[in-house]
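Reading the structure
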Amino acid sequence: MTSLFPQPVTPQIQPTRIGAHDRPRYDHYINGAFTVPSSGVYFDTSDPVSGEVWAEVARGTASDVDAACRAAADAFENPAWRGISASARGHMMRRLGDLIAENADWLAAVEMKDNGKLISELQMQMRYMANYYYYYGGLADKIQGDTIPSDKPGVFNFTRYEPLGVVACIMPWNSPLPLTSLKLAPALAAGNTVVLKPSEFTSASLLEFVKLVELAGFPKGVVNVVTGFGNEMGEALVSHPLVERIAFTGGPQAGRIINEQAARSMKRVTMELGGKSPNIIFEDADLEQAVKGAVAGIFAASGQTCVAGSRLLLQRSIHDDFLARLDDFLKDIKFGHPSDPATQIAPISTAPQMAKIEEYVQIALGEGARLVRGGKRARVAGYPNGLFYEPTIFADVTNDMRIAQEEVFGPVLSVIPFEDEDDAVRIANDVDFGLAAGVWTQNLARGIRMTERVRAGTIWVNNYRSTSTTSPFGGFKMSGTGREGGIAGMMEYLELKSVWISTGVEIPNPFIRR
Ligand code: NAD
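Residues numbered from 1 in each chain as written. Predicted model: local features only at pLDDT ≥ 70, side-chain atom pairs only at ≥ 80, totals over all residues. Heavy atoms only, no water.

1. Remarks on the overall build of the chain
Spelled out, the test is: Segments assigned H or I by DSSP are reported as helices when at least four residues long, segments assigned E as strands when at least two residues long, and all are numbered from the N terminus. The reference for a compact globule is 2.2 Å times residues^0.38; the radius of gyration itself is calculated from the C-alpha atoms. Residue burial is assigned from relative accessible area. The probe radius is 1.4 Å, only protein chains are included, and a residue is buried under 20% of its type maximum, exposed over 50%, and partly exposed in between. It only takes one pair of heavy atoms within 4.5 Å for two residues to be counted as in contact. Each accessible area value is a Shrake-Rupley result obtained with a 1.4 Å probe; residue values ignore everything except the protein chains displayed when judging cover. In summary, the charge assignment counts Lys and Arg as positive and Asp and Glu as negative, without counting His or the chain termini. By convention, the point assigned to a charge is CZ for Arg, NZ for Lys, CD for Glu and CG for Asp.
Within the chain, the regular secondary structure consists of 16 helices and 23 strands. Computed over the C-alpha atoms, the radius of gyration of the chain is 24 Å, within 12% of the 24 Å expected from 2.2 N^0.38 for a compact globule of 514 residues. For the chain, the C-alpha atoms occupy an extent of roughly 80 × 65 × 40 Å along the three principal directions. Out of the 514 residues in the chain, the part that is buried amounts to 56%. Of all intrachain contacts in the chain linking residues separated by at least 6 positions in sequence, the fraction that spans at least 24 positions is 73%. A total accessible area of about 21,100 Å² is found for the chain, and carbon and sulfur atoms account for 52% of it. Side-chain charges in the chain split into 49 positive and 58 negative, and the spacing between the mean points of these groups amounts to 3 Å.

This is the structure we're talking about:
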């Protein structure tokens with residue numbers, strides 16, 4: 001481990017054990033202990049820059065899932081967790097936040113090894129991630145019920161919020177720890193226990209992270225991690241009788257399967273799915289800023305972000321000028337190793353994702369979209385096996401094309417012209433998704449009108465990709481159900497109970513409801 005990453009700052013953090021070929025071997029984490037998979041089988045995880053296998057990860061089965069769910073269910077009933085005050089939970093969470101802040105560079109380095117994202121962005125994300133635990137830790141003892149002014153005399157009625165029990169969280173590979181924390185922090189603050197399943201492509205950072213959870217003082221079994229493939233052990237988790245809620249972030253295909261499975265046992269679900277977000281540039285925008293906004297929308301993180309502004313809607317009067325500016329901005333873009341602070345474009349995170357991008361580029365060409373730039377892999381000196389892909393722009397896209405309707409999850413931009421505000425709204429909303437949108441205009445009234453008319457869970461005016469732990473995030477339409485972040489994100493992990501206490505009323509007639 002020492003040779004692969006910077007050391008964690010906190011000295012008590014135990015090193016991960018070493019398996020075959022001198023590589024780190026990651027086990028499940030169940031009931032406070034690293035646990036070998038019941039099958040005894042591990043799978044490889046590789047570095048997208050070199051293409052080399054660097055670690056092995058436990059291949060989970062239904063029996064591992066069952067052990068983790070039982071541990072979480074027992075921990076939920078354990079007085080060491082169930083019996084402590086919400087303030088004490090908040091205190092533990094703040095301690096976890098401190099440990100994250102202290103060890104942010106180490107967590108960022110592990111995450112970079114698995115998904116190849118820019119270290120500069122990852123370090124910023126990991127430092128910021130401490131805030132999830134500070135914010136929800138602070139909220140833990142501030143969620144309170146109401147006293148209801150009942151219209152029925154002789155009873156006192158109040159409400160209380162209670163944790164659900166065991167929550168299963170399933171994450172994708174593009175931002176493993178921040179997307180985990182968006183679920184874990186409110187779930188813990190609300191008093192639940194948790195079984196986490198990271199993506200099979202990026203399991204390592206979570207298995208390092210749980211060492212911090214343990215140090216922060218959370219009792220055994222409150223947080224568990226099982227690793228493996230969604231199609232092999234996903235259903236065991238989603239259908240497990242001890243699981244009360246599923247919090248899923250991932251693609252619409254897996255989301256639909258999970259939703260159907262969860263519905264059979266009436267489990268609560270939060271679905272954070274994909275998008276095909278419009279980034280809308282009006283002729284009265286500050287075009288210099290808007291060009292940066294368009295780049296941030298689709299080429300940051302190589303477009304591997306759920307909020308990617310993958311449809312660029314350009315008012316016709318500025319269409320050609322804007323495209324030329326965008327093309328110019330991209331001409332000196334720097335590819336390179338994600339650990340180099342000068343690198344702007346890091347590799348695509350996984351080989352299947354690269355194959356998907358290449359397939360969609362062919363689809364776009366077949367549909368008659370005009371390739372303005374990119375459309376092929378980038379060759380980067382020193383990294384012959386690196387999964388680099390050039391920022392790709394298609395013009396002359398019509399909104400009915402697949403390249404305008406389906407999520408690519410890569411650096412591929414579809415440019416669509418529009419005439420006026422009504423036309424922009426029509427095109428923006430003419431899609432199954434509704435995760436996010438950007439609007440660029442210097443006309444305040446128009447900006448406000450657009451926030452009202454575009455159907456998406458997040459709308460940015462004259463900025464793109466701003467998010468905060470304090471603000472709710474989630475989708476309209478096929479982009480999902482429920483919200484993460486902010487107070488709304490915490491409420492997803494609570495049940496509301498109504499309590500009626502007699503203050504001396506007699507039961508007049510037991511056959512008639514009062
Ligand atoms: P994915 O749907 O393939 O996998 C996500 C997770 O689900 C993985 O852990 C996977 O193992 C698991 N999984 C797959 N099939 C399953 C099944 N049948 N049962 C249970 N679990 C199953 O997604 P991905 O390729 O890892 O991530 C990319 C997708 O995630 C994109 O569509 C992107 O838009 C979406 N995403 C959404 C948000 C958001 O907040 N809305 C954020 C990031 C990523």
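2. Brief notes about the nonpolar core
Basically, it comes down to this: By convention a nonpolar core is built from buried Ala, Val, Leu, Ile, Met, Phe, Trp, Tyr and Cys residues, the set being connected through side-chain atoms within 4.5 Å.
In terms of nonpolar packing, the biggest core is built from 63 residues, with Phe-209 and Phe-218 touching the most fellow members. Broken down by element, the residue count for this core peaks at 9 residues, all from helix α5 (residues 119-139). If we skip the residues at most four places from it in the chain, Phe-218 touches Trp-81, Met-92, Met-93, Leu-96, Leu-188 and Val-213.

3. Some thoughts on the pairing of strand β17 (residues 412-418)
To keep things clear, this is the line we draw: For two strands to pair, DSSP has to find at least two bridges joining them.
The buried fraction of β17 is high, at 6 of 7 residues. As defined by bridge partners, strand β16 (residues 392-395) adjoins β17 across 3 bridges and the pair is classed as parallel. The residue bridging Ile-393 from the neighbouring strand is Leu-413, located in β17.

4. Digging into the packing of aromatic side chains
The relation between two aromatic rings is expressed through the spacing of the ring centres and the mutual angle of the planes. Threshold: Between the rings of Phe, Tyr and Trp (Trp by its six-membered ring), a pair exists once the centres lie within 6.5 Å; its type follows the angle of the planes, with under 30 degrees stacked, over 60 edge-to-face, and the other angles tilted.
For the structure shown, the criterion picks out 13 aromatic pairs. Both rings, one in Tyr-29 and one in Phe-34, keep their centres 5.0 Å apart while their planes meet at 55°; by these two values the pair is tilted. Take Tyr-29: its relative accessible area is 4%, and that puts it in the buried class. We classify Phe-34 as partly exposed; its relative accessible area is 39%. Between the aromatic rings of Tyr-128 and Tyr-132, the centroid separation amounts to 6.0 Å while the plane-to-plane angle is 80°, which identifies the pairing as edge-to-face. Taken together, the residues span about one helical turn, with Tyr-128 and Tyr-132 both in helix α5 at a distance of 4 residues. The exposure class of Tyr-128 is partly exposed, given its relative accessible area of 28%. Counting every residue linked through ring pairs, the aromatic cluster contains Phe-335, Tyr-383 and Phe-388.

5. Structural notes on the site of the ligand
For clarity, the cut-off: Definition of nearness: a residue and a molecule or strand are near each other if at least one heavy atom of the residue lies within 4 Å of the molecule or strand. For this analysis, a polar contact is any N or O atom pair within 3.5 Å, provided that within protein one partner can donate a hydrogen and the other can accept it, and provided that sequence-adjacent residues contribute only side-chain to side-chain pairs.
Around the ligand sit 28 residues, and of these Met-171, Glu-200, Gly-251, Leu-273 and Glu-407 come closest. Taking Gly-230, its main chain carries an N or O atom lying 3.3 Å from an oxygen atom of the ligand. Here Glu-407 contributes a side-chain N or O atom positioned 2.6 Å from an oxygen atom of the ligand. Surface burial for the ligand is 88%, taken as the share of its 850 Å² of free accessible area covered by protein chains. Those elements that place two or more of their residues in the shell around the ligand are α8 (230-238), β11 (243-249) and α9 (252-264). A total of 4 residues in the shell around the ligand trace back to one element, the largest contributor, which is α9.

6. Focus: the UniProt feature "domain: Aldehyde dehydrogenase" (unreviewed entry) in the chain
Let me state the cut-off plainly: UniProt positions are given in the numbering used here, feature names are shortened, and annotations may be inferred rather than shown by experiment.
With numbering matched to this structure, UniProt assigns "domain: Aldehyde dehydrogenase" (unreviewed entry) to residues 41-499. End C-alpha atoms of residues 41-499 are separated by 49 Å, and the span's content is 41% helix alongside 20% strand.

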